[in-house]
Amino acid sequence: MRLVIARCQVNYAGRLTAHLPMATRLLLVKSDGSVSVHSDDRAYKPLNWMSPPCWLIEDGNLWIVENKAGEKLVITIDNVVDEIEHDLGAEPGLVKDGVEAHLQELLAEHITTLGDGYSLVRREYPTAIGPVDILARDSEGIAVAVEIKRRGEIDGVEQLTRYLELLNRDPLLAPVQGVFAAQQIKPQARTLAEDRGIRCVTLDYDALRGIEPDEFRLF
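Residues numbered from 1 in each chain as written. Predicted model: local features only at pLDDT ≥ 70, side-chain atom pairs only at ≥ 80, totals over all residues. Heavy atoms only, no water.

Enquirer: Could you give me a rundown of unusual backbone geometry, with the residues and numbers involved?
Expert: Following Pro 52, the chain continues into Pro 53 via a peptide bond in cis, with omega recorded as 0°. Structurally, the position occupied by Pro 53 is in the loop between β4 (48-50) and β5 (54-59). A positive phi angle, close to 50°, is found at Glu 124, a residue other than glycine. Residue placement: Glu 124 occurs in strand β8 (residues 119-125). (Helix = DSSP H or I, 4+ residues; strand = E, 2+ residues; numbered from the N terminus.)

Here you go:
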């Protein structure tokens, strides 16, 4: 992990163009090759980023980050304030709540709960900012990212939104739709999700457990 605090400007060129004028920012370079640009007022969300696979070329005060699609993130550094590099080691991964982890397992096993014709791509689909709970495809073959929570709140919608922004920059997956699945979804979270085009699905944990193989129920 490499962290560089620098006064810089950033230009992105790809399916659209974006410009960040000269200012002091945090540049984050991870071992997977990803590069992200952060300010001091957006919590964990970067101002701009390039997801792996991508390549960083440093030429003096110029950083050029390019991916296989030809998109470029060009960072012009005026002054480096501080820099640190450290090996964080292997990441053990997020340990989910028992019910939440089981919901993911059950929904992956019975993916057609989300709709007829759905098929599972994989659980814990990796991204530069963490794994998506489930990546699936619907009956028309469109990619669908699924975020699973025991209680669906606004934070979960924001998390899924970040995943969708990232996944939709991958030409091999885009367009990617979102499904926010939970046992209970708060009204504010549902409103925010629907406003962003994310479908909400309420999961019945007991019903999902009831269709597990080799499990018998009296009622």
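After that view of the structure, there is still more to cover.
Enquirer: Quick one: what's the story with the packing of aromatic side chains, residue by residue and with numbers?
Expert: Taken as a whole, this structure holds zero aromatic pairs when the rule is applied. A cation over an aromatic ring shows up here: Arg 169 above the ring of Trp 49, its NZ or CZ 4.5 Å from the ring centre. (Phe/Tyr/Trp six-rings, centres within 6.5 Å; stacked < 30°, edge-to-face > 60°. Lys NZ or Arg CZ within 6 Å of the ring centre and 35° of its normal.)

Enquirer: Could you give me a rundown of the domain arrangement of the chain, with the residues and numbers involved?
Expert: For the chain, the domain assignment lists domain 1 (2-85) and domain 2 (99-209). The straight-line distance from the C-alpha centre of domain 1 to that of domain 2 is 29 Å. Counting residues at the interface gives 15 residues for domain 1 and ten residues for domain 2. Summed over both partners, the interface of domain 1 with domain 2 buries about 970 Å², with 46% contributed by carbon and sulfur atoms. (Domains from an automatic or database assignment. Contact = heavy atoms within 4.5 Å. Buried area = accessible area lost by both parts, 1.4 Å probe.)

Enquirer: Any chance you could break down the pairing of β8 for me, citing the residues and the numbers?
Expert: Pairing of β8 with strand β9 (residues 132-137), which is carried by five bridges, proceeds in the antiparallel orientation. In the strand pairing of β9, Ser 119 is matched with Arg 137. A loop of six residues connects β8 with β9, the two strands running antiparallel in sequence, and Gly 130 in this loop sits at a positive phi of about 120°. (Pairing = 2+ DSSP bridges.)

Enquirer: Describe the pairing of strand β7 (residues 72-85), listing the residues and the values that go with them.
Expert: Regular strands show a simple pattern: their side chains alternate between the two faces of the sheet. Here strand β1 (residues 2-13) pairs with β7 via twelve bridges, running antiparallel. Among the inter-strand pairings, Ile 5 is bridged to a residue of β7, identified as Asp 82. Where strand β6 (residues 62-67) lies against β7, five bridges are found, and the strand directions are antiparallel. In the strand pairing of β7, Val 65 is matched with Leu 73. Hairpin connection between β6 and β7: a loop of four residues separates the two successive antiparallel strands, and Gly 70 in this loop has a positive phi of roughly 90°.

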